[in-house]
Amino acid sequence: SAQYASLLSSVFLPSIVTLIVIQRLGPVANAHYYLPAMIATNLGLFCWGIVRSFLVEATSEPEELRRHANSTIRALVIVLFPSVLLGCIFAPTILRLFGGSYAAQGTALMRMLLISLVGSTVMVFYSTFAWLDQRVWWMTLRNVVSSVIYLVMVYLLIGHLGINAIGVATLVYSATTMAVFLPISIRRYLRT
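Bear in mind that the values here come from a model prediction, so they are computed numbers and not experimental data.

Engineer: Sorry if this is basic, but what is going on with helix α6 (residues 136–161) here?
Structural biologist: Three or four residues apart is the spacing at which side chains of an α-helix point the same way, because the helix has 3.6 residues per turn. If you check α6, its first and last C-alpha atoms are 35 Å apart, about what 26 residues at 1.5 Å a residue would give, namely 38 Å. The largest bend in α6 comes to about 30°, at Tyr 155. For α6, the complete set of buried residues consists of Val 136, Met 139, Thr 140, Arg 142, Asn 143, Ser 146, Ser 147, Tyr 150, Leu 151, Met 153, Val 154 and Ile 158. Backbone geometry just downstream of α6 places Gly 162 in the positive-phi region, at approximately 65°.

Engineer: Can you help me understand the side chain of Ser 120 in this one?
Structural biologist: In this fold, Ser 120 is placed in helix α5 (residues 100–132). Not counting residues within four places of it along the chain, the set of residues in contact with Ser 120 comprises Tyr 173 and Ser 174.

Engineer: How do you make sense of unusual backbone geometry when you look at a structure like this?
Structural biologist: The bulk of non-glycine residues show a negative phi, and the bulk of peptide bonds are trans. The residue Gln 134 is not glycine, and still its phi comes out positive at about 55°. Inspection of the secondary structure puts Gln 134 in the loop between α5 and α6. Of the residues examined, Gln 134 reaches a relative accessible area of 73% and is grouped as exposed.

Rules used throughout
- Residues numbered from 1 in each chain as written.
- Predicted model: local features only at pLDDT ≥ 70, side-chain atom pairs only at ≥ 80, totals over all residues.
- Heavy atoms only, no water.
- Helix = DSSP H or I, 4+ residues; strand = E, 2+ residues; numbered from the N terminus.
- Expected span 1.5 Å × (residues − 1).
- Bend = angle between axes of the 7 residues up to and from the residue.
- Buried < 20%, exposed > 50% of the residue type's maximum accessible area, 1.4 Å probe, protein only.
- Contact = heavy atoms within 4.5 Å.

Below, the structure written as structure tokens:
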């Protein structure tokens, strides 16, 4: 049930952001938001896939937890850092493939969303330990509270920053997540 509640939060959050963008900025702004969001989301889902493989391996071979954790960290670094770096460098070029207005309006947002994946991935990595330690409700509660704060930030900032409000809120969410979960993840990793 904790996983289901967390999944609902993850599924509805982008839909609510889309509704906020359409309501406050219009459908054209939503198109400029949607493309960078889909690019960043797909990279994030790829990282989730790596971490889910870690969960499966750690569950089936708990005595090899450290080895599986090391392998997962290595895979995440190999995938995440070059993707974020290249995505940030080539964001205008990638978005220009869809039209000049996408590059003009979405480049800053795409860069912020990609950079924020680093902090989000730390939490995703920790989520495996939460599953193994049966602390999923704590993660779910944190997700719900973070989602509410994130939505309030987007709503309050969108009038001033346009779609970049989503990037700013995501960066704040990511930095907070990293500040909370990196020390916890390191401590839990050292206990493996």
